[in-house]
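Descriptive analysis of the structure
Each chain is listed here by its residues.
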Amino acid sequence: MKDNILEVKEKLINVLITARSGSKRLPGKNIKNLCGKPLIAWSILAAKKSLFVKEIFVSTDSKEIAEIAKNYGALVPRLRDKSLAEDETTSFDTALDFSEYFNDHEDGGEMLLLQPTSPLRFFYHINSFMQLVREKKSRQCVAVRDITKFFLLANHKLEKNKKIYIPNGSMYYTKIEILKKEKTFFSKSADFFVMDDFHSIDIDTQDEWNIAKACLESHKINQTL
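Residues numbered from 1 in each chain as written. Predicted model: local features only at pLDDT ≥ 70, side-chain atom pairs only at ≥ 80, totals over all residues. Heavy atoms only, no water.

Focus: the packing of aromatic side chains
- Scanning the model with the defined rule gives nine aromatic pairs in all.
- Note on Phe-186 and Phe-192: the rings are 6.0 Å apart at their centroids and 25 degrees apart in plane angle, and the pair reads as stacked.
- Under the relative-accessibility criterion, Phe-186 is labelled partly exposed at 37%.
- Above the plane of the ring of Trp-209 lies Lys-32, whose end atom (NZ or CZ) is 4.6 Å from the centre.
- Above the plane of the ring of Trp-42 lies Lys-37, whose end atom (NZ or CZ) is 4.2 Å from the centre. (Phe/Tyr/Trp six-rings, centres within 6.5 Å; stacked < 30°, edge-to-face > 60°. Buried < 20%, exposed > 50% of the residue type's maximum accessible area, 1.4 Å probe, protein only. Lys NZ or Arg CZ within 6 Å of the ring centre and 35° of its normal.)

Comments concerning the nonpolar core
- Among the nonpolar cores identified, the biggest contains 31 residues, and Leu-112, Ile-126, Phe-129, Met-130 and Met-171 are the most heavily contacted of them.
- No other element matches helix H5 (residues 123-136), which puts five residues into this core.
- Residues in contact with Met-171, not counting those within four places in the same chain, are Leu-112, Leu-113, Leu-114, Arg-121, His-125, Ile-126, Phe-129, Cys-141, Val-142, Ala-143, Phe-193 and Met-195.
- Counting residues in each nonpolar core, the second largest holds 15 residues, with Leu-16, Phe-57, Phe-92 and Val-142 among its members. (Core = buried A, V, L, I, M, F, W, Y, C linked by side-chain atoms within 4.5 Å. Helix = DSSP H or I, 4+ residues; strand = E, 2+ residues; numbered from the N terminus. Contact = heavy atoms within 4.5 Å.)

A few points about the pairing of strand S8 (residues 191-195)
- Of the two faces of S8, only the one carrying Asp-191, Phe-193 and Met-195 is buried; Phe-192 and Val-194 on the other face are not.
- Where strand S6 (residues 140-146) and S8 come together, five bridges link them in parallel fashion. Bridge pairing links Val-142 to Phe-192 in S8. (Pairing = 2+ DSSP bridges.)

Let's talk about unusual backbone geometry
- Positive phi outside glycine occurs at Cys-35, with the angle close to 55 degrees.
- Considering the arrangement of structural elements, one finds Cys-35 in the loop between strand S2 (33-34) and strand S3 (37-38).
- The buried category is assigned to Cys-35, whose relative accessible area is 15%.
- We note that Lys-183 has phi near 60 degrees; this positive angle belongs to a residue other than glycine.
- Tracing the backbone through its elements, the reader meets Lys-183 in the loop between helix H7 (176-182) and S8.
- With a relative accessible area of 54%, Lys-183 lands in the exposed category.

Concerning the sheet that holds strand S4 (residues 53-59)
- Reading across the sheet, the six strands line up as S4-S1-S5-S7-S6-S8 and stay open at both edges, with mixed pairing between neighbours. Each of the sheet's edge strands pairs with one partner strand only, and the pair in question is S4 and S8. Neighbouring strand axes in the sheet, compared pairwise and without regard to direction, differ in orientation by 30 degrees on average.
- The sheet strands contacting helix H2 (residues 39-49) are strand S1 (13-18), S4 and strand S5 (110-114), and the helix crosses S4 at an angle near 160 degrees. (Axes fitted to C-alpha atoms, helices over the stretch in contact; angles between N-to-C directions.)

A word on the pattern of salt bridges
- Scanning all chains against the criterion turns up seven salt bridges.
- Here Glu-67 ties to Lys-70 by a salt bridge, and the two come within 3.8 Å at their closest N and O atoms. Here the residue Glu-67 and the residue Lys-70 both occupy positions in helix H3 (residues 63-71), the gap between them amounting to three residues, near one helical turn.
- The exposure class of Glu-67 is partly exposed, given its relative accessible area of 44%.
- Judged by its relative accessible area of 40%, Lys-70 is partly exposed.
- Between Arg-134 and Glu-110 there is a salt bridge, with its nearest N and O atoms 3.1 Å apart. (Salt bridge = Lys/Arg side-chain N within 4 Å of Asp/Glu carboxyl O.)

Structural data, given as structure tokens:
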């Protein structure tokens, strides 16, 4: 697997991790201690360990988050404007605001966006995700989870062998020019990287936090992160 990854690794990629200070349902979640580390640290460390990652940028409106991110090895060139840290602010808005740091290639640049609320997306998921991107020469690629069974349980009629996927929130790849044109990470031309439910946990509530904590504790017992 490692040799195959190295063969398709045409170039390293810069990562953007988005971490605003506000969170109504789980206040301060990005700096809250999860199994010995601030939540945001799990994504920074996963990116640092990936074979494909060059630099890790963090976009935040919080000085505290910025300091924690720097301590774990990320770059925070400036704080995000408060107008881009509201509940309605999208990942597209944040990415576009930081796109100046990703225009580092002749073709206009590329970005791998990681959300800090996915602590069970480990470095080997990033490796496999970027391997798919390189092999398919993707313009956009999104990490997804399969929810077909929920449609079937609800007695929805589906075409034979049809699968239903939704983004799991953990990883988004895009060419910068495509992002600016489509104004989304999830255009019709986007490729899919399928992840299982266990590693697709996206923390937004206390219940999800508790589940992620239990999963991480189990993972730490069974293997080295």
